[in-house]
Amino acid sequence: MSKSKNNIDTNTITFGSDLDFASAEAYNLLRTCITFSFPEDEGEKKGKVIATTSASPSEGKSYTSVNLACSLAESGKKVALIDCDMRRPSLASKLDLPLSPGLSNILVNSSGNPGDKIHRKAIHELADVVTAGDIPPNPSELLGSARMQRLVAAFTQRYDYVILDLPPVLSVSDPLIVTKIVDGYIVVLKHGSTSKGELQEAIRQMKMMEAHILGFVYNGYRKEGGSYRKYYKNKYKYEYSKE
């Protein structure tokens, strides 16, 4: 996979050691904020489930998910990153991994071994990835299934953090179906793309489902020469309508 700090296109994600210093520090700050958002659990160890979403498409969710996973792994945490967008998956192509088998295949085949669908050390020595799998006709039902709950519960016993890369809130119901198994949501905004109205409506819907919003990631600016300019120009090919 080709990754470049200065030539970001729709087929790659810049992450890990390829990030510039300012971007890496921003994700380290995000990691610190998330770490302090959760108290140390007493008794049996259980990993935390973090979901990334946005109000609308093309806000940079997958970019954020991958870099957050890398940052957490660099701090010594074991991380699982799962592409939960089974309608318009993107992690497989952006990380140069096979789309299938993946999450959908795990959820529809109760006799299979989920471990066979995990891409070990895909983005870091401590960070594994599960791609979306074959595109199913019923992604919402799969995400809301008891098998999804059991799968995530099993992952939290093996990983310190499980990151769910979810579709946009205003496009489909999928992001809010998993509310009960998510410890906290990160909402990604993009400069010049996310409108105030869209963000307000997304927050309203999330509050209705009692989703725990950890915070927001403002994506799309870079300070350079005393001024700001857009630096993340990746355009996802979602087929969701912003309307």
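Reading the values: rules and limits
- Residues numbered from 1 in each chain as written.
- Predicted model: local features only at pLDDT ≥ 70, side-chain atom pairs only at ≥ 80, totals over all residues.
- Heavy atoms only, no water.
- Helix = DSSP H or I, 4+ residues; strand = E, 2+ residues; numbered from the N terminus.
- Expected span 1.5 Å × (residues − 1).
- Buried < 20%, exposed > 50% of the residue type's maximum accessible area, 1.4 Å probe, protein only.
- Arc of directions from axis to C-beta.
- Contact = heavy atoms within 4.5 Å.
- Pairing = 2+ DSSP bridges.
- Axes fitted to C-alpha atoms, helices over the stretch in contact; angles between N-to-C directions.
- Phe/Tyr/Trp six-rings, centres within 6.5 Å; stacked < 30°, edge-to-face > 60°.
- Lys NZ or Arg CZ within 6 Å of the ring centre and 35° of its normal.
- Core = buried A, V, L, I, M, F, W, Y, C linked by side-chain atoms within 4.5 Å.
- pLDDT = per-residue confidence, 0-100.

**Student:** Looking at this structure, I do not really get helix H1 (residues 21-35). What am I missing?
**Tutor:** Note on helix geometry: an α-helix contains 3.6 residues per turn, so any two residues three or four positions apart are oriented the same way. Between its first and last C-alpha atoms H1 spans 21 Å; for 15 residues at 1.5 Å apiece the expected length is 21 Å, and the two agree. Taken as a whole, H1 has its buried residues at Ser 23, Tyr 27, Asn 28, Leu 30, Arg 31 and Ile 34. Buried positions in H1, seen along its axis, are confined to an arc of 155° and lie on one side of it. Exposed and oriented more than 90 degrees from the buried face of H1 are Phe 21, Ala 22 and Leu 29. Residues of H1 that are buried make contact with strand S1 (48-54), helix H2 (61-74), strand S5 (161-165), strand S6 (184-190) and strand S7 (213-219).

**Student:** What is the right way to look at the sheet that holds strand S2 (residues 79-83) in this model?
**Tutor:** One key point about sheets: their strands pair by backbone hydrogen bonds, in either a parallel or an antiparallel sense. Pairing is mixed in the open sheet, where seven strands are placed in the order S3-S4-S2-S5-S1-S6-S7. Only two strands of the sheet have a single partner each, and these edge strands are strand S3 (119-124) and S7. Between one strand axis and the next, the sheet turns by 30° as a mean value, whatever way the strands run. For S6 and S7, the ladder comprises six bridges, and the chain directions are parallel. Paired with Val 188 across the bridge in S7 is Val 217.

**Student:** What is the right way to read the packing of aromatic side chains from this model?
**Tutor:** Any aromatic ring pair is given by two values, namely how distant the centres are and how the planes are angled relative to each other. Within the structure shown, the criterion is met by two aromatic pairs. Ring centres 5.5 Å apart and planes at 35° place the aromatic pair Phe 155 and Tyr 159 in the tilted group. The same class applies to Phe 155 and to Tyr 159, which are both buried. Across from the ring centre of Tyr 159, 5.3 Å away, lies the NZ or CZ of Lys 78, which sits over that ring.

**Student:** What is the right way to read the nonpolar core from this model?
**Tutor:** The nonpolar side chains of a soluble globular protein tend to be buried with one another. Counting residues in each nonpolar core, the largest one holds 35 residues, and the members touching the most others are Leu 103, Phe 155 and Leu 164. With four residues, helix H6 (residues 146-158) is the single largest residue contributor to this core. In this structure Phe 155 touches Ala 80, Ile 82, Ile 118, Val 130 and Val 162, once residues within four positions along its chain are discounted. One finds Val 66, Cys 70, Ala 73 and Leu 97 within the second-largest nonpolar core, a separate group that totals 27 residues.

**Student:** Honestly, the confidence of the model for the protein chain in this entry has me stumped. Any pointers?
**Tutor:** Interpretation of this model should avoid reading the predicted coordinates in detail wherever pLDDT is low. For the protein chain, per-residue confidence averages 84 on the pLDDT scale, and 82% of positions sit at 70 or higher. At the low end of the mean pLDDT range in the protein chain sits strand S9 (residues 227-229), at 36; at the high end sits S2, at 98. This stretch, residues 225-243, has a pLDDT under 50; its non-local contacts, to residues over four places away or in other chains, come to 58 contacts.

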